[in-house]
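Chain by chain, the residues run as shown.
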Amino acid sequence: MKELLEKIKNLDKKILIGGGIVCAVVLILVIALIVGGSSDKKEDEGSSQGRTEMDSQSDTVEQSESLVPGTEEDSEIETEIGTELETEIETEMGTEVEVETETEEDTEVSGGSTNNNDNNNSNGNDGNKNEEEILGEGSKKQPYVEIPDNNMKVQTVSIPSGKALYYSIQRIGGLILTIEDADAYIITSNGTRYDAKNGKVSITVENALASDYVTLQIGNKGGSAKAFTLKFSNAYGSRQNPEVIAKIGQYKKSLAEGKETGYYYKYTAEKTGKLRFYLSATVDSEMTVTNNRNSATRTFEADGLTDEQGRQYIELEVSQGDSIMIHVSAIPNRRGKYPATDITWESVYK
């Protein structure tokens, strides 16, 4: 051993360094081979797994790219898909259109039949129905609904000979209805019939609010069908059509039972001063006087005074030319009814 060591010591240093390097290189190679073998296994496993994922992604990309327009294959696919979709849509839409068309045709046919029946009925061809049902309107259950025009007129339909049709008319409460035709007659809601005299028929419509409808029957007693013109006017002595008096003095007025609107007079003051009014009546009655210039109003209930003779009166200051409205009426009884009354009133300047 010592001899070996001595021989090694006697070797050239360069040779020793070279041998050391060679040994180191061999050792490094051996380690590298060992490490490399295990790495290759892992890389093979990773690469196979990576290739699987890459293949999947590649397939996905290819499928996505196949949907992008621009290639012949894409065009063929789109054409085939579009053709199939259009065929299915056209088939479904065609079926729906056919069904709807048949339904509309059925409806039209049904409606046409109904209209024909209505026309036949209106022409009187159906002998199983009476004339009131034939007309469809103008019956008690289905009256003609009307509102007078600006001239306070209503034009009726052609009314068959010997028949009366129902009309329900708004804004005519308390008005005068006149029909200037010898063949006309009117039946009120209480069943009272009024026939034309001297070529016309005229009645005072029952009192009603402007929003209420008043139902009347308009009849034709002539030999052929005829339409009538209903003319409405404010009753004489109403607020809208008062009795005009030129001079003050004494006046009398009889009011029928139920005359809740009373009676109106209109007077234009002849001079400036105080107008004194007196009132007497057969039942409890009231008087209201109003100066239209300033709306000053006096009533016996609120403003009654007593003169030297013990007579009650009311007084109103006026100027020459003032328009004075004078209203007289019965006072309703405990049941809210307006009794008949005979009123006497007079006025003097003071």
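Rules used throughout
- Every chain is numbered independently, its residues counted from 1 as its sequence is written.
- Since the coordinates come from a predicted model, pLDDT governs what is reported: local features require at least 70, and pairs of side-chain atoms require 80 or more to be given and counted, while whole-chain, interface and lining totals use all residues.
- Water and hydrogen atoms were dropped before computing side-chain values, which therefore reflect all heavy atoms in the structure.
- A helix here means a DSSP run of H or I that spans at least four residues, while a strand means a run of E at least two residues long, and both kinds are numbered starting from the N terminus.
- Burial classes follow relative accessibility: with a 1.4 Å probe on protein chains only, a residue under 20% of its type's maximum area counts as buried, one over 50% as exposed, and anything between as partly exposed.
- Residues are treated as being in contact if the distance between any of their heavy atoms lies within 4.5 Å.
- The predictor's confidence in any single residue is recorded as pLDDT, a number from 0 to 100.
- We call two strands paired when DSSP finds no fewer than two bridges between them.

Which parts of the structure should I look at to understand the overall build of the chain?
Within the chain, the secondary structure is distributed over 5 helices and 19 strands. In the chain, which comprises 350 residues, the share counted as buried stands at 26%. If you take every contact in the chain between residues at least 6 apart in sequence, the share linking residues at least 24 apart comes to 67%.

I'm lost on the confidence of the model for the chain in this one. Help?
Low-pLDDT portions of the prediction should not be read for the details of their coordinates. Mean pLDDT for the chain: 77, with 63% of residues reaching 70 or above. Note on residues 41-136: pLDDT under 50 across the span, and 22 contacts to partners over four residues away in sequence or across chains.

Looking at this structure, how should I read the pairing of strand β14 (residues 285-291)?
It is a general feature of regular strands that their side chains alternate between the two faces of the sheet. β14 sits mainly inside the fold: 6 of its 7 residues count as buried. Bridge count for β14 against strand β18 (residues 323-330) is 7 bridges, and the pairing is antiparallel. When the bridges of β18 are listed, S285 appears paired with A330. Inspection of the sheet shows β14 paired to strand β15 (residues 296-299) by 4 bridges, in the antiparallel sense. When the sheet's bridge partners are listed, T290 is paired in β15 with T297. In textbook terms, the turn of a hairpin is the stretch between consecutive antiparallel strands, and for β14 and β15 this stretch comprises 4 residues, one of which, S295, has a positive phi near 65°.

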